[in-house]
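Observations on the model geometry
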Amino acid sequence: MKRTPSVVLGLCSYTHDSSAALLVDGELVGFVEEERLSEQKHTKLYPARAVGWLLDQAKLSASDVDSVAYNFQPVRYLAESPASLRMALSPMTRDRSLARAHGFAKVALRTRRRLRILGSQFPSARVTPVLHHRAHQLTAFAASGWEEAAVLVVDSLGERQTTTIAHGHGIQRPRLQPLEAINDPASLGYVYGAVTEHLGWRRGDEEGTVMALAALGDPARFRHLFTTAVRTTVTGFRIHPGYFPTRTLTSGYPRTSRRFVAETCPERHPSEPLTDVHRDLAAALQERTEQVLVHLARRARVLTGSRRLCVGGGVATNCVSIGKIIEACIFDEVFVPPAPGDAGTAIGAALAVHVDGRSPRPVAGIARHCYLGPSYEDQPLDLTPWPGLHQKTLGIETAEFLADQLAHGMIAGLFQGGVEAGPRALGNRSILASPLEPGVVERLNATVKFREPFRPFAPMVPAERAAEFFTLGQPAPYMSMASGVTHLTRERVPAIVHANDTSRLQTVTRSQNPFMHAVLTAFGRRTGIPVLINTSLNVKGKPICGTPEMALDCLANSGLDALLLEGRWITK
């Protein structure tokens with residue numbers, strides 16, 4: 001009789017955003033992205049530090065792991081090779097058909113080798129490859145805590161799939177009914193990444209910069225181009241290869257065509273200044289992305305009949321598009337998990353193995369949890385490597401102290417508790433500032449974050465006060481939704497309003513983060529405005545600080561005034 005796996009290690013590894021999650025008898029021990037511990041942003045290396053921390057937390061060794069769940073299935077890549085060869089029949093795709101077939105076959109073989117390598121590290125474990133989009137779906141649905149919901153996943157590529165719709169059921173034993181799938185080369189993530197690269201930013205990292213730039217442009221200039229290049233259909237969308245040539249999975253093949261360049265602009269070098277054509281191109285790309293995502297959300301509503309929607313995949317990090325779905329009133333509520341991108345599939349892969357193993361143990365520790373990584377409470381702190389820093393221990397009124405410092409114009413880092421899952425700092429690895437301070441956005445961009453001056457900053461607000469300042473009308477716990485703002489916000493807190501009249505909002509409840517809720521409340525008593533700027537504890541090009549050493553480096557090498565690190569106030 002087959003033994004039900006009780007220790008399941010979920011992995012995202014060897015592609016980008018390496019991470020690990022551990023389920024023991026269905027309960028999530030923890031989840032962490034390797035970059036938060038290794039300081040290598042978007043690392044694709046095996047997440048050795050993450051796995052070590054998880055096993056240590058559970059007091060287990062590698063030999064105790066029953067199953068390793070990997071977030072890709074190699075056989076699914078192979079299925080694309082014959083389909084790619086058929087592209088030779090069309091003059092639009094003929095020139096890439098052989099390279100595409102070879103690229104997908106090569107990745108299939110490489111993925112098989114990776115599975116064997118993983119198996120050698122866990123002698124008692126069975127290695128189970130999980131369909132990539134299924135892992136995304138399970139992550140999004142299980143994190144919602146809902147009994148039933150539509151699930152929409154949109155990314156660049158998972159084996160062959162780029163967009164899927166499913167119907168989720170069950171809290172204790174989440175299960176999914178797949179309903180519809182769109183395969184590559186129809187990929188919104190591919191298009192957005194291609195234009196990001198064309199505009200001079202790093203694909204797979206700086207799409208958010210393009211989203212911010214879009215607010216400064218006029219989409220009308222290139223609206224017709226994107227309507228032609230990304231055409232909606234009854235069941236989804238398709239991509240015109242004349243603008244975005246088909247993917248090959250092989251380096252050396254550009255993602256935009258000569259026609260695209262001729263009808264837009266030459267590729268921008270990162271050192272070149274931004275002009276109106278770049279802003280307008282970003283605006284048209286963003287507008288079309290929003291339109292297609294709303295179209296897909298309507299399709300999910302029709303297929304499932306559900307009143308709630310979970311959205312996952314890398315494109316789900318496009319908070320403005322998520323805001324548009326909410327504004328369209330297709331669903332009563334929309335949910336995006338804290339880690340909607342590939343890193344989060346480590347959780348979904350582990351869940352898939354647990355559920356398929358028919359374990360009687362219910363799933364626990366995932367729904368509405370985001371502080372899932374290592375914490376460093378009660379650890380001694382040695383400032384010897386940072387001779388310019390000084391510390392003092394604070395008393396029990398730490399929240400009041402921090403609120404007072406922020407109200408007097410200080411920009412402070414905050415390092416407390418477990419590190420957040422996903423790309424957003426949610427109050428445990430944050431940089432906080434008063435939005436009432438003159439020039440705060442300019443100062444943050446220029447001297448603290450070292451990033452583009454047009455980049456906006458996100459606000460956080462107690463959930464019970466959110467309606468006074470924002471029009472979203474639903475919780476936004478993971479800073480994944482852009483919200484409209486009220487007249488009060490425009491008048492009193494313009495620093496947190498972007499050029500498109502929205503803010504990427506985080507609502508904070510006392511149960512989610514008691515300390516951050518107390519800081520916001522105390523700041524509100526002092527200023528009349530319970531809203532703070534919250535950005536991630538890092539500088540551009542570096543990952544969010546997962547360790548005290550990373551946080552201290554950030555303080556020492558940026559324009560931060562101070563750092564509150566587990567009850568210790570550290571200044572320069």
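First things first, this report covers the structure right here in the doc. Here the residue index of a chain counts from 1 through its sequence in written order. Selection of residues for local features in this predicted model requires a pLDDT of at least 70, selection of side-chain atom pairs for listing and counting requires 80 or more, and totals for whole chains, interfaces and linings are taken over all residues. By convention in this description, side-chain values take in all heavy atoms of the structure and omit both hydrogens and water.

**A few points about helix H8 (residues 207–214)**
Here the term buried applies to any residue with accessible area under 20% of the maximum for its type, exposed to any over 50%, and partly exposed to those in between, with areas from a 1.4 Å probe on protein chains only. A run of DSSP states H or I qualifies as a helix once it reaches four residues; a run of E qualifies as a strand once it reaches two. Both are numbered from the N-terminal end. With six of eight residues buried, H8 is to be regarded as a mostly interior element. Regarding H8, the residues found buried are Thr209, Val210, Met211, Ala212, Leu213 and Ala214. Note on contacts: a residue pair is in contact if any heavy atoms of the two residues lie within 4.5 Å. Buried positions along H8 lie against helix H7 (188–198), helix H11 (276–304) and helix H12 (319–327).

**Points about the sheet that holds strand E11 (residues 308–312)**
Pairing between strands requires that DSSP locate at least two bridges from one strand to the other. The five strands lie next to each other as E8-E7-E6-E11-E12, forming an open sheet whose pairing is mixed. Two strands close off the open sheet at either side, each with one partner strand: strand E8 (175–183) and strand E12 (333–335). Strand after strand, the sheet turns through a mean of 20° between neighbouring axes, direction not considered. Pairing of strand E6 (residues 148–158) with strand E7 (residues 161–169), which is carried by eight bridges, proceeds in the antiparallel orientation. What sits directly across from Val153, in E7, is Thr164. Working convention: axes come from line fits to C-alpha atoms, limited for helices to the stretch in contact. Angles between N-to-C directions cover 0 to 180 degrees. Its contacts with the sheet place H11 against E6, E7, E8 and E11, and it is angled at close to 40° to E7.

**Quick notes on the pairing of strand E17 (residues 481–484)**
Going residue by residue along E17, you find Met481 and Ser483 tucked away on one face and Ala482 and Gly484 tucked away on the opposite face as well. Direction of pairing for E17 relative to strand E18 (residues 502–508): antiparallel, over a ladder of four bridges. Among the inter-strand pairings, Gly484 is bridged to a residue of E18, identified as Thr502.

**A few points about the side chain of Arg268**
By secondary structure assignment, the location of Arg268 is in the loop between helix H10 (258–263) and H11. Under this definition, polar contacts are N or O atom pairs within 3.5 Å; protein pairs additionally need one hydrogen-donor-capable and one acceptor-capable atom, and for neighbouring residues in sequence, both atoms have to be side-chain atoms. There is a polar contact of 3.3 Å between the side chain of Arg268 and the backbone oxygen of Pro270. Side-chain polar atoms of Arg268 contact the backbone oxygen of Glu272, separated by 2.9 Å. Not counting the four nearest positions on each side in its chain, Arg268 is found in contact with His198, Leu199, Gly200, Trp201, Pro273, Leu274 and His278.

**Here we look at the nonpolar core**
In this structure, Phe226, Phe244 and Leu309 are the most contacted members of the largest nonpolar core, which totals 124 residues. For Leu309, the contacting residues outside a window of four places in its chain are Trp146, Ala150, Val151, Leu152, Ala297, Ala300, Ile325, Phe331, Glu333, Val334 and Phe335. Joining through side-chain atoms within 4.5 Å is the link that ties buried Ala, Val, Leu, Ile, Met, Phe, Trp, Tyr and Cys residues into a set, and such a set is a nonpolar core. With 39 residues, the next largest nonpolar core counts Cys12, Val130, Ala166 and Leu351 among its residues.

**Here we look at unusual backbone geometry**
Across the junction of Asp184 and Pro185, the peptide omega takes the value 15°, indicating a cis bond. As for its placement among the helices and strands, Pro185 is situated in the loop between E8 and H7. Positive phi outside glycine occurs at Asp25, with the angle close to 50°. Here Asp25 shows up in the loop between strand E2 (19–24) and strand E3 (27–33). With a phi angle near 65°, Asp501 is a residue other than glycine that sits in the positive phi range. Here Asp501 shows up in the loop between helix H16 (487–492) and E18. Among the residues examined, Asp501 registers a relative accessible area of 32% and is labelled partly exposed.

**Observations regarding the pattern of salt bridges**
The term salt bridge refers to a pairing of a side-chain nitrogen on Lys or Arg with a carboxyl oxygen on Asp or Glu at a separation within 4 Å. For the coordinates displayed, the defined rule picks out 27 salt bridges. In this structure, the salt-bridge partner of Arg526 is Glu400, at a minimum N-O distance of 2.8 Å. On the criterion of sequence distance, the pair formed by Arg526 in helix H17 (residues 514–527) and Glu400 in helix H14 (residues 398–407) is long-range, its members being 126 residues apart. Since its relative accessible area comes to 36%, Arg526 is described here as partly exposed. One salt bridge connects Arg526 with Asp404, and the closest N-O pair in it is separated by 3.3 Å. Taken as a pair, Arg526 in helix H17 and Asp404 in helix H14 lie far apart in primary sequence, 122 residues in all.

**A short note on the packing of aromatic side chains**
Paired rings are identified among Phe, Tyr and Trp, the last through its six-membered ring, by centres lying within 6.5 Å, and are further divided according to the angle between planes into stacked (under 30 degrees), edge-to-face (over 60) and tilted (the rest). Enumeration over the complete set of coordinates arrives at 12 aromatic pairs. Between Phe469 and Phe470 the ring centres are 6.4 Å apart and the planes differ by 50°, which places this aromatic pair in the tilted class. Neither residue differs from the other here; Phe469 and Phe470 are each classed as buried. Cluster of aromatic residues (ring-pair linked, three or more members): Tyr70, Phe72, Tyr77 and Phe104. By the criterion adopted, a ring carries a charge over it if an Arg CZ or a Lys NZ lies within 6 Å of its centre and within 35 degrees of its normal. Over the face of the ring belonging to Trp201 we find Arg268, whose NZ or CZ atom lies 4.9 Å from the ring centre. Directly above the aromatic system of Phe415 lies the positively charged group of Arg429, at a separation of 3.6 Å from the ring centroid.

**Some points on the pairing of strand E21 (residues 568–571)**
Sheet analysis places strand E13 (residues 390–393) next to E21, joined by four bridges and oriented antiparallel. In the sheet register, Thr393 faces E21, and the bridge partner there is Arg568. By the bridge criterion, four bridges tie strand E20 (residues 562–565) to E21 in an arrangement that is antiparallel. Paired with Leu564 across the strands is Trp569, a residue of E21. In sequence, E20 turns back onto E21 through a hairpin of two residues, with Glu566 there showing a positive phi of about 45°.

**A short note on empty space enclosed by the protein**
Method remark: on a 1 Å grid restricted to protein atoms, a set of points is classed as a cavity if a 1.4 Å probe fits but cannot get out and as a pocket if it is open with protein on both sides within 12 Å along at least five of seven lines; lining residues have an atom within 4 Å of a point. Grid points are joined across faces, edges and corners, and a volume is the space filled by probe spheres set on the points. What the rule picks out here adds up to four cavities of 30 Å³ or more. There is about 80 Å³ of room inside the largest cavity. Lining of the largest cavity is provided by Leu28, Thr139, Ala143, Pro337, Pro338, Ala339, Ile347, Ile366, His369, Leu372 and Ala421. The class makeup of the residues in the lining of the largest cavity is nine nonpolar, two polar and no charged. Taken as a whole, the second largest cavity holds about 50 Å³ of empty space. Considering the residues around the second largest cavity, the lining is formed by Ala316, Thr317, Val336, Pro337, Pro338, Pro340, Pro423, Arg424, Tyr478, Met479 and Ser480. Its residues placed into classes, the lining of the second largest cavity shows eight nonpolar, two polar and one charged. Charged means Asp, Glu, Lys or Arg here, nonpolar means Ala, Val, Leu, Ile, Met, Phe, Trp, Tyr, Cys or Pro, and polar covers whatever is left, Gly included.

**A word on the state of the cysteines**
Two cysteine sulfur atoms form a disulfide, by the criterion used here, when they sit within 2.5 Å. Counted according to the given criterion, the structure contains zero disulfides. The closest cysteine sulfur to the non-disulfide-bonded Cys319 is located on Cys370, 17 Å from its own sulfur. With no disulfide of its own, Cys329 has Cys310 as its nearest cysteine by sulfur position, at a separation of 18 Å.

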